[in-house]
Amino acid sequence: MIDREGKIGLFIPSYNAGNLWPAVIKALHEQKLPLHRKLIIDSGSTDGTALFAEQNGFAVVSINSAEFNHGGTRNLAVNMLAESHLIIFMTQDVIIADKYSLENLIKPFVDPLVVISYGRQLPHINANPLAVHARKYNYPENSIIKHKNLIPELGFKVCFMSNAFAAYRTSALLELGGFPTNVIIAEDTYLASKAVLAGYKIAYAAEATAYHSHNYSPVEEFKRYFDTGVFHAQNPWIRKEFGQPTGEGKKYVVKELKFVLRTRPAFLMNALISNVMKLAGFKLGQNFNKLPKALLRFFSMHKNYWQ
C-alpha cells in the first residue's frame, strides 16, 4: 500500500451541486484515509456549492462556466495538486459508500506499474432499471488489473474507466502529458488508453465503492451518445488500438433487455426507445463534421464545447 505519510490530494469539479452535495461532503469527512489537500474548481455556482465546500475544508478556485472543459479543468487541478503523490478525482454527485473506500482505491498503487485506479460505482437508491443495470454491467464485484496484454481478450474494456471515482499516480499523469485539453467527453478514456499503450496498468478496485448513477431520459441518452460519437470520431486511434466499442455495445443491450424483463417488464418500452436514441446519437456524433453547425449544440449534452 502507498505510504500513508505520502501526500494524497482530492479534486472535484463543481457547478450547482444541489441536494446531494452535503451527503458527498459528509461521506468524504468519514473516510479513514488522510488527505493532504482537498480542491474544488467551481464553474460559477449560484446555489452555495462553493461556499459550502469552503466551509468544510476545501480549497475553492472559481472559474467562469464557459472556461470549464473536462480535460483542461482537470489539468488545472493537477497543476495545483502537483505536490501530491496521488490525486483522487471525483464528481459532485458521487457519495462514497464505505469509510475505507478511499484506502481501498489507492491499494493497487503498491504495484509501481499501476498508474490509474478506479472504484466500483453502485446505483443511487432512486436508480431506474437502466441505471441499475449500467452499474452492474460496468462495475462488477471482482477487481481486475488491466494491461496491454489483455486487449485481445477484453478489447475496448481495457481502457474503460471513470473519473467519477478514480485515483492517478501524479508522476505518470504528468509524464503522459495530462488530460487532453479540449475534449467534449471521455477525457478519462483518452488518458487511460495512453497509459495502457505506454506499458502501464489500470486497476479496477471493486472494494472501493461509491454511489453514482443517472436516470437519463431517452433524449438525454441521445445527447450523451452524440458526444461520445464525436469523441470517437476525433480520436480514431483508440478504436484502432483497442477495437470498436460496438461489439461490447451489442452485448450490453442484450443483457440490459434481459435484466429489464426479469426485474421490471413495464420498463421495456423505455429501454427500447433509449437504445434506439443511443444508437442514433452515436452514429450522428461519429459524423458530426458532416452536420450543419447549428445542429451541433442542439444535439450535444455539453453545449459549451461548441462555442
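Just so it is clear, the structure is predicted and the values come from calculations on it, not from any experiment.

Undergrad: Quick question: what am I supposed to make of the packing of aromatic side chains here?
TA: How two aromatic rings sit relative to each other is given by the distance of their centres and the angle of their planes. On inspection of all chains with the given rule, the structure shows 16 aromatic pairs. With a centroid separation of 6.4 Å and 75 degrees between ring planes, the pair formed by Tyr118 and Tyr139 is classed as edge-to-face. Placement of Tyr118 in strand 6 (residues 114-122) and of Tyr139 in the loop between helix 5 (129-138) and strand 7 (144-146) is noted, with a sequence separation of 21 residues between them. For Tyr118, a relative accessible area of 3% translates into the label buried. Both rings, one in Tyr118 and one in Tyr204, keep their centres 5.1 Å apart while their planes meet at 35 degrees; by these two values the pair is tilted. Highlighted residues: Tyr118 in strand 6 and Tyr204 in strand 9 (residues 201-211), separated in sequence by 86 residues. When sorted by exposure, Tyr118 lands in the same class as Tyr204, which is buried. Every member of this aromatic cluster is reached through a ring pair, and the members are Phe11, Phe89, Tyr168 and Phe179. Between the NZ or CZ atom of Lys38 and the centre of the ring of Phe58, over which it lies, the distance is 5.0 Å. For the cation-ring pair, Lys157 lies above Phe160, with the distance from its terminal atom to the ring centre recorded as 5.4 Å.

Undergrad: I keep staring at the pattern of salt bridges and nothing clicks. Help me out?
TA: Where charged atoms from two side chains of opposite charge come close, those side chains can pair. What the rule picks out here adds up to 5 salt bridges. A salt bridge links Arg224 to Glu221; the nearest nitrogen and oxygen atoms lie 2.9 Å apart. With a gap of 3 residues between them, Arg224 and Glu221 both fall in helix 9 (residues 218-234), about one helical turn apart. Assessed through its relative accessible area of 25%, Arg224 is described here as partly exposed.

Undergrad: What's the story with the nonpolar core in this structure? I'm lost.
TA: Inside soluble globular proteins, nonpolar side chains tend to come together where they are buried. Ranked by size, the top nonpolar core spans 49 residues in total, and within it Phe89, Ile116, Tyr168, Phe226, Phe242 and Trp306 carry the most contacts. Among the elements that make up this core, the one with the highest residue count is helix 8 (residues 187-197) (5 residues). Every residue in contact with Phe89, bar those within four places of it in the chain, is listed here: Phe11, Arg74, Val78, Asn163, Ala164, Phe165, Ala166, Tyr168, Leu173 and Phe179. Grouped together as the second largest cluster of nonpolar side chains are 31 residues, Ile25, Leu33, Ala205 and Ala210 included.

Undergrad: Please clarify how the confidence of the model for the chain should be interpreted in this entry.
TA: Atom-level detail of predicted coordinates should not be read off regions where pLDDT is low. Counting all residues, the mean pLDDT for the chain is 95, and 97% of those residues have values of 70 or more. Overall, residues 1-5 carries pLDDT values under 50, and its contacts beyond four positions in sequence, including any with other chains, amount to 13 contacts.

Undergrad: Can you help me understand the side chain of Arg135 in this one?
TA: As for its position among the elements, Arg135 is in helix 5. Buried and unpaired, Arg135 has Asp93 as its nearest opposite-charge partner, separated by 7.2 Å. Within the structure, Arg135 has its side chain in polar contact with the side chain of Gln121 (distance 3.4 Å). When residues no more than four places from it in sequence are discounted, the contact partners of Arg135 are Gln121, Leu122, Pro123, His212, Ser213 and His214.

Undergrad: What is the right way to read the pairing of strand 2 (residues 37-42) from this model?
TA: Walk down a regular strand and you will see the side chains alternate between the two sheet faces. Counting buried positions over the 6 residues of strand 2 gives 5, a clear majority of the element. Strand direction decides the pairing type here: strand 2 and strand 3 (residues 59-62), joined by 4 bridges, are parallel. Note that in strand 3 the partner of Leu39 across the bridge is Ala59. As a crossover connection, the stretch from strand 2 through helix 2 (residues 49-55) into strand 3 is right-handed.

Undergrad: I would appreciate a short explanation of unusual backbone geometry in the present structure.
TA: Unlike most non-glycine residues, Asn16 shows phi in positive territory, near 45 degrees. Following the sequence through the fold, Asn16 ends up in the loop between strand 1 (8-14) and helix 1 (21-29). For Ala186, which is not glycine, the phi torsion reads 65 degrees and is therefore positive. The residue Ala186 is located in the loop between helix 7 (170-175) and helix 8 in this model.

Undergrad: Would you take a moment to explain the environment of Leu39 for this structure?
TA: Inspection of the secondary structure assignment puts Leu39 in strand 2. Those residues within four positions of Leu39 in sequence are excluded, and the remaining contacts are Leu10, Phe11, Ile12, Phe58, Ala59, Val61, Ala77, Met80 and Leu81.

What counts and what doesn't
- Residues numbered from 1 in each chain as written.
- Predicted model: local features only at pLDDT ≥ 70, side-chain atom pairs only at ≥ 80, totals over all residues.
- Heavy atoms only, no water.
- Phe/Tyr/Trp six-rings, centres within 6.5 Å; stacked < 30°, edge-to-face > 60°.
- Helix = DSSP H or I, 4+ residues; strand = E, 2+ residues; numbered from the N terminus.
- Buried < 20%, exposed > 50% of the residue type's maximum accessible area, 1.4 Å probe, protein only.
- Lys NZ or Arg CZ within 6 Å of the ring centre and 35° of its normal.
- Salt bridge = Lys/Arg side-chain N within 4 Å of Asp/Glu carboxyl O.
- Core = buried A, V, L, I, M, F, W, Y, C linked by side-chain atoms within 4.5 Å.
- Contact = heavy atoms within 4.5 Å.
- pLDDT = per-residue confidence, 0-100.
- Lys, Arg positive; Asp, Glu negative; His and termini not counted.
- Polar contact = N/O pair within 3.5 Å; in protein donor to acceptor, adjacent residues only side chain to side chain.
- Pairing = 2+ DSSP bridges.
- Right-handed = clockwise from strand over helix to strand, strands pointing away.

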